[in-house]
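Commentary on secondary and tertiary structure
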Amino acid sequence: MAIWANLSHSLTSKFKKANLYYVAATIVLCCTFYVIGLWPQGGDVASRQLSSTAILPTLPCNPSIKTSNSPSYGSSISIDFTARHTAEDLVPLSPSARVKHFPACKPDLSEYTPCQDSKRSLKFDRNMLIYRERHCPEKSELLKCRIPAPFGYKPPFRWPESRDSVWYANVPHKHLTVEKAGQNWVRFKGDRFTFPGGGTMFPRGADAYIDDIGKLIKLKDGSIRTAIDTGCGVASWGAYLLSRDILPISFAPKDTHEAQVQFALERGVPALIGILATNRLPYPARAFDMAHCSRCLIPWGNYDGLYLIEVDRILRPGGYWILSGPPINWQDHWRGWNRTADDLKAEQDQIESVARSLCWKKVTQKGDLAIWQKPTNHMHCKINRKVFRKPPFCQEEDPDKAWYTKIDACLSPLPEVSNVKDIAGGPLVNWPERLTAVPPRIASASIEGVTAEAFSKDTELWKKRVAHYKALDSQLAERGRYRNILDMNAWLGGFAAALVDDPVWVMNIVPVEADINTLGVIYERGLIGTYQSWCEAMSTYPRTYDFIHADSVFTLYQDRCEMEDILLEMDRVLRPQGSVIFRDDVDVLVNVKDIVDRLEWDSRMVDHEGGPHVREKLLIATKQYWTAPAPDQDKQ
């Protein structure tokens, strides 16, 4: 036993010594590696901490630990999992690390419209006014500067006062006050323009003119909601339609009648620069309840009726086309129009013939007004092709395709019906129920992947989102602060629908690069919009919009075109002191914010309405007020 006891004691002593050696060796190794780890970052803990705090802000991280008084299994400690880091913590590097700001463009570019530039247009064919269509600059020609507002620019009058008054400093062009002096389009006095509501063919004013139309077709029952005014002048017809709950789009070319569309937009009336030439108008088929031309100088009967064929494409089944001015009522006006009676009669006969070939029915002609109606379906029209061989029906062509798409001399066929009394594509309910009723394109499963249930959920979702926006942006919440609003990626128009009770209008954009074309749905809701590629400039003047909504725009255009070019275009069309809400993935928005800072916009990142754990964030930005410098008095 003594032998075993001695042996046990000897072994225990050796193990203890070995353990001490192992512990000592481990401590030495840990210290060595710790020192090596510190060496690349400055040699000591203090310097490393100083380096990190100089680069990144200190973020609060103080989770609260509460002791529960109630009995619990295993522990009486409850942990609060509330997020401590929010989107506001995602700040960029210090200002010294930022790239330089974008410079201001020259003052003479204050009205620059890249795709309707008058100098560039001279390079193109004048036949059929091709030179006045969109012709955008090449990538190497894109400006990398911020378009200035003219010296003395003021925030526009608020709606509805803006309908009748515009600051001269904002649109410094008196040309129309002289050229159209006898037609009561626009007057100039003091520091502003006023708009009496006159027009070439409505000397008693646009209100009385619209009342005359209302005696011929129903304008008050909600069956007519969307309208298009071709060759709009200063858009007084559209301006006075708005008070009747009819939403217009007005367009005119950028031509010798300087600043027509600019006046319209400054008045708070929906408008775009545009022309009927060789390309389709940038709207889907069956979009408008009513189309209008008041002495718009479009040669409707020429080119085998090509322009009336395009009007037919964008009119909904049963929609109206209204024409006043030459040649209507030529018997009373031919002397004043400085044309012969035979010439004007021939022009009207030509228009009547084209209208019949499109299967339109002439509703009435009374005084200076003539109104035609498109059929509700094409059952009879297909039979009539045996008589009217032109235009033929288009074959295998998407009637909604309308971005740089040539107008074909063929009739866009309406969706098939089983009964001659059916409305092709499905009936539309009257406004305002139309806004939330399931659009016929969705009800008929024409829009891939969009069901009636998904549409209803989207409508409710955007009500919540817009309420959240208003809680974040006091200017959006302030009734009347904004008037012209742009939604850069509108999907089903839910954002615009949620603002319907505010005194605003929304231009809903469906990007041509989007996977699904939903612009027809937007029109079936009684809203308006257009196609657009954000790799190009918009057909509008600078300072068009008070507020821009950009939902997933930069995710859509990733690897398609430069982010800074899209943001420079947004800066061009946004008014001074106007705001933008970007909605996108957090990584995308961090890059957006860097460029927004270079534009000298004020901005802040905030959390998604679903909370801080959602990767999608919101970036709220406001463009600062600045203008071109005062003109040199000596040079003046």
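Here the residue index of a chain counts from 1 through its sequence in written order. Local features in this predicted model are restricted to residues whose pLDDT is 70 or higher, and side-chain atom pairs enter the listing and the counts only when it is 80 or higher, whereas totals over whole chains, interfaces and linings include all residues. For side-chain calculations, the full set of non-hydrogen atoms in the structure is used, while hydrogens and water are omitted.

1. Some words on the pattern of salt bridges
To keep it simple, the criterion reads: Salt bridges are defined by distance alone: a side-chain nitrogen of Lys or Arg within 4 Å of a carboxyl oxygen of Asp or Glu. Think of it this way: any DSSP run of H or I at least four residues long counts as a helix, any run of E at least two long counts as a strand, and we number them from the N terminus. Burial classes: relative accessible area under 20% of the type maximum marks a residue as buried, over 50% as exposed, and values in between as partly exposed (1.4 Å probe, protein chains only).
One pass over the structure, following the stated rule, counts 39 salt bridges. The partner of E564 in a salt bridge is K144, with the nearest N and O atoms 2.9 Å apart. With E564 in helix α18 (residues 563-573) and K144 in the loop between α3 (118-121) and β3 (165-167), the pair connects residues that are 420 residues apart, well separated along the chain. Overall, E564 belongs to the buried group, its relative accessible area being 19%. Owing to a relative accessible area of 36%, K144 belongs among the partly exposed residues under this scheme. In this structure, R158 engages E478 in a salt bridge whose closest nitrogen and oxygen atoms are separated by 2.8 Å. Separated by 320 residues along the polypeptide, R158 in the loop between α3 and β3 and E478 in the loop between α14 (474-477) and β13 (484-487) bring together distant segments of the chain. We classify E478 as partly exposed; its relative accessible area is 36%. Salt bridges linked by common partners bring K144, E564, D565 and R598 together as one network.

2. Overview of the state of the cysteines
Rules: Sulfur atoms of two cysteines make up a disulfide when they are within 2.5 Å.
The tally for this structure, following the rule as stated, stands at 6 disulfides. With its sulfur 2.1 Å from that of its partner, C394 forms a disulfide with C410. Here the S-S torsion is close to 95 degrees, and the disulfide linking C394 with C410 is therefore right-handed. Of the two residues, C394 is situated in the loop between α11 (379-384) and α12 (440-443) and C410 in the loop between α11 and α12; the sequence distance between them amounts to 16 residues.

3. Brief notes about the sheet that holds β3
Basically, it comes down to this: Two strands form a pair only when DSSP identifies at least two bridges running between them. Angles shown run from 0 to 180 degrees and are taken between the N-to-C directions of axes, each axis being a line fitted to C-alpha atoms and, for helices, limited to the stretch in contact.
Reading across the sheet, the 3 strands line up as β3-β5-β4 and stay open at both edges, with antiparallel pairing between neighbours. Each end of this open sheet is capped by a strand with a single partner; those strands are β3 and β4 (187-189). Taken pair by pair, the neighbouring strands of this sheet meet at an average axis angle of 30 degrees, ignoring direction. Bridge analysis of β4 against strand β5 (residues 192-194) gives 3 bridges, and the strand direction is antiparallel. Residue R187 lies in a different strand from β5, and its bridge partner there is T194.

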